[in-house]
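Examination of the molecular architecture
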Amino acid sequence: MTESVRRDASPEQRVTEWDGDHARTTGSGDGELLGVDPAELGDEDLVREMQSLHRTRLDTLRHATDSALANHLRRTAELETEYLARHPGREVDPSRLRDA
């Protein structure tokens, strides 16, 4: 994942925020995006990026800095939102359903 963060900003200013459409670096003032826009990724790349994030999820939650966790959460939301937009009628595995 590519990260374009201002290195001269304080850690608090570098924490990313999800605005529902794009990721921004807090305090940067220019709306600089972090990482490749998920809409520009092919299906294989999108799934690969999600697999990578899910593989590192617990370690990030337990041991990463607040800004790294914020970036991880933002990027996960970004990629998953794009996946769901592309696959609104995704196949649901019947074994994953609970009895009502």
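None of these values were measured; they are calculated from a predicted model. (Residues numbered from 1 in each chain as written. Predicted model: local features only at pLDDT ≥ 70, side-chain atom pairs only at ≥ 80, totals over all residues. Heavy atoms only, no water.)

Our focus in this paragraph is the overall build of the protein chain. Scanning the protein chain from terminus to terminus reveals 4 helices and 2 strands. Of all 100 residues assigned to the protein chain, the portion counted as buried reaches 25%. Of all intrachain contacts in the protein chain linking residues separated by at least 6 positions in sequence, the fraction that spans at least 24 positions is 55%. For the protein chain, the accessible area works out to roughly 7200 Å², and carbon and sulfur atoms hold 47% of it. (Helix = DSSP H or I, 4+ residues; strand = E, 2+ residues; numbered from the N terminus. Buried < 20%, exposed > 50% of the residue type's maximum accessible area, 1.4 Å probe, protein only. Contact = heavy atoms within 4.5 Å. Areas by Shrake-Rupley, 256 points an atom, 1.4 Å probe, with all protein chains shown as cover.)

Our focus in this paragraph is the confidence of the model for the protein chain. On average, residues of the protein chain score 77 in pLDDT, and 66% of them reach the 70 mark or higher. Looking at the elements of the protein chain, mean pLDDT is at its lowest for helix α1 (residues 11–14), recorded as 44, and at its highest for helix α2 (residues 43–55), recorded as 95. Of the regions scoring below 50 in pLDDT, residues 1–5 engages in 14 contacts with residues more than four places distant in sequence or in other chains. (pLDDT = per-residue confidence, 0-100.)

It is worth spelling out the pattern of salt bridges at this point. All chains considered together, the criterion is met by 5 salt bridges. In this structure, R86 engages D43 in a salt bridge whose closest nitrogen and oxygen atoms are separated by 2.7 Å. With R86 in helix α4 (residues 66–86) and D43 in helix α2, the pair connects residues that are 43 residues apart, well separated along the chain. Since its relative accessible area comes to 24%, R86 is described here as partly exposed. A relative accessible area of 45% means that D43 is categorised as partly exposed. Between R86 and E82 there is a salt bridge; the shortest N-O distance is 2.8 Å. Residue R86 and its partner E82 are located together in helix α4, separated by 4 residues, close to a single helical turn. When its relative accessible area of 19% is taken as the criterion, E82 is described as buried. Within this structure, D43, E82 and R86 form a network of salt bridges that share partners. (Salt bridge = Lys/Arg side-chain N within 4 Å of Asp/Glu carboxyl O.)

Moving on, we get to the nonpolar core. Within the largest apolar cluster, 5 residues are counted, these being L41, L46, M50, L53 and L79. Residues within four places of L79 in sequence aside, it is in contact with P38, L41, L46, E49, M50 and L53. (Core = buried A, V, L, I, M, F, W, Y, C linked by side-chain atoms within 4.5 Å.)

A few words now on α4. The end-to-end C-alpha distance of α4, which contains 21 residues, comes to 30 Å, matching closely the 30 Å that a straight helix rising 1.5 Å per residue would cover. Considered for burial, the residues of α4 that qualify are L69, A70, N71, H72, R74, R75, T76, E78, L79 and E82. (Expected span 1.5 Å × (residues − 1).)

Let us now look at the environment of L46. Within the secondary structure, L46 is located in helix α2. Setting aside its immediate chain neighbours within four residues, L46 contacts P38, L41, L79, E82, Y83 and R86.

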